[in-house]
Amino acid sequence: MKYWMVKSEPNSYSWDDFEKAQEDIWDGVRNYQARNYLNEMGIGDQVLFYHSGKEKAVVGIAEVSSAPLPDPKDEAWTAVMLKVGKRLTNPVSLKQIKAEDRLSDLPMLKQSRLSVLPVSKDEFELIVKMSL
């Protein structure tokens, strides 16, 4: 199993929108590195859902529910299906993430513009623990 983070502007697609859908396609990614990460995703992989923009916080956990597939808007790109896992009890802010030394190598801190990023199992578990 692998662990990931996906980022979305809440005014474009929020955790609330995702919860209403329960399962949805993660498409529209137009960055080659992010596309490569989508291509590495497998069914059952765990995903942190991060609100970018004004909120800047991890707000929920999702699960990859399909193998990578062609993006329906442009088949040269990749998409995956994600299903809702759970909303975090307390969102974990970017400020909290930056203050935690054990997260100093988190890819989102080094490649902040990517909307799909890997995280290690330890990083994933620590962020979830920080939300309790």
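Summary of the structure given here. (Residues numbered from 1 in each chain as written. Predicted model: local features only at pLDDT ≥ 70, side-chain atom pairs only at ≥ 80, totals over all residues. Heavy atoms only, no water.)

**Section: the overall build of the protein chain**
Argument step 1. Per the secondary structure count, the protein chain includes five helices and seven strands.
Argument step 2. Here the protein chain has a C-alpha radius of gyration of 14 Å; the compact-globule value for 132 residues is 14 Å, and the two agree.
Argument step 3. If one aligns the C-alpha atoms of the protein chain with their principal axes, the spans along those axes are about 40 × 30 × 30 Å.
Argument step 4. The buried share among the 132 residues of the protein chain stands at 45%.
Argument step 5. Counting only contacts in the protein chain whose residues sit at least 6 apart along the sequence, the fraction spanning at least 24 positions is 67%.
Argument step 6. Just so you have it, the protein chain exposes about 7000 Å², and 48% of that area is on carbon and sulfur atoms. (Helix = DSSP H or I, 4+ residues; strand = E, 2+ residues; numbered from the N terminus. Rg over C-alpha atoms; globule rule 2.2 N^0.38 Å. Buried < 20%, exposed > 50% of the residue type's maximum accessible area, 1.4 Å probe, protein only. Contact = heavy atoms within 4.5 Å. Areas by Shrake-Rupley, 256 points an atom, 1.4 Å probe, with all protein chains shown as cover.)

**Thoughts on the pairing of strand 1 (residues 3–8)**
Along any regular strand the residues' side chains alternate between the sheet's two faces.
Argument step 1. Burial within strand 1 is extensive, with six of its six residues counted as buried.
Argument step 2. The two faces of strand 1 match: Tyr3, Met5 and Lys7 on one face and Trp4, Val6 and Ser8 on the other face are all buried.
Argument step 3. Bridge analysis of strand 1 against strand 3 (residues 46–51) gives six bridges, and the strand direction is parallel. Along strand 3, the bridge assignment pairs serine 8 with histidine 51.
Argument step 4. When strand 1 meets strand 7 (residues 116–119), the two strands line up antiparallel, connected through four bridges. Residue pairing in the sheet places valine 6 in a bridge with valine 116 of strand 7. (Pairing = 2+ DSSP bridges.)

**Details of helix 5 (residues 121–130)**
Argument step 1. Along helix 5, the residues classified as buried are Glu123, Phe124, Leu126, Ile127 and Val128.
Argument step 2. Packed against the buried residues of helix 5 are strand 1, strand 3, strand 4 (57–64), strand 6 (74–93), helix 4 (107–110) and strand 7.

**Considerations on the pattern of salt bridges**
Any two side chains of opposite charge can pair, on the condition that their charged atoms come close.
Argument step 1. In total, this model carries nine salt bridges according to the counting rule given.
Argument step 2. The closest approach of N and O atoms between lysine 2 and glutamate 40, which form a salt bridge, is 3.9 Å. Here the residue lysine 2 occupies a position in the segment before strand 1, and glutamate 40 occupies one in helix 2 (residues 32–40), the gap between them amounting to 38 residues.
Argument step 3. Look at lysine 2 and you get partly exposed, because its relative accessible area is 39%. (Salt bridge = Lys/Arg side-chain N within 4 Å of Asp/Glu carboxyl O.)

**Regarding the packing of aromatic side chains**
Argument step 1. The tally for this structure, following the rule as stated, stands at nine aromatic pairs.
Argument step 2. Ring centres of tryptophan 15 and phenylalanine 49 lie 5.2 Å apart, and the angle between their planes is 75°; this geometry places the pair in the edge-to-face category. Within this pair, whereas tryptophan 15 is found in helix 1 (residues 15–21), its partner phenylalanine 49 is found in strand 3, the two being separated by 34 residues in sequence. Assigned by exposure class, tryptophan 15 and phenylalanine 49 land together as buried. (Phe/Tyr/Trp six-rings, centres within 6.5 Å; stacked < 30°, edge-to-face > 60°.)

**A short note on the side chain of serine 131**
Argument step 1. Positionally, serine 131 belongs in the segment after helix 5.
Argument step 2. Excluding residues within four positions of it along the chain, serine 131 makes contact with Leu88, Thr89, Asn90 and Val92.

**Brief notes about the nonpolar core**
Argument step 1. Judged by nonpolar contacts, the single largest core of 41 residues is most densely connected at Met5, Trp26, Leu48, Val58 and Val116.
Argument step 2. No other element matches strand 4, which puts six residues into this core.
Argument step 3. Leaving out residues up to four positions away in the same chain, valine 58 has contacts with Met5, Leu48, Phe49, Tyr50, Leu88, Pro91, Val92, Ile97 and Ile127. (Core = buried A, V, L, I, M, F, W, Y, C linked by side-chain atoms within 4.5 Å.)

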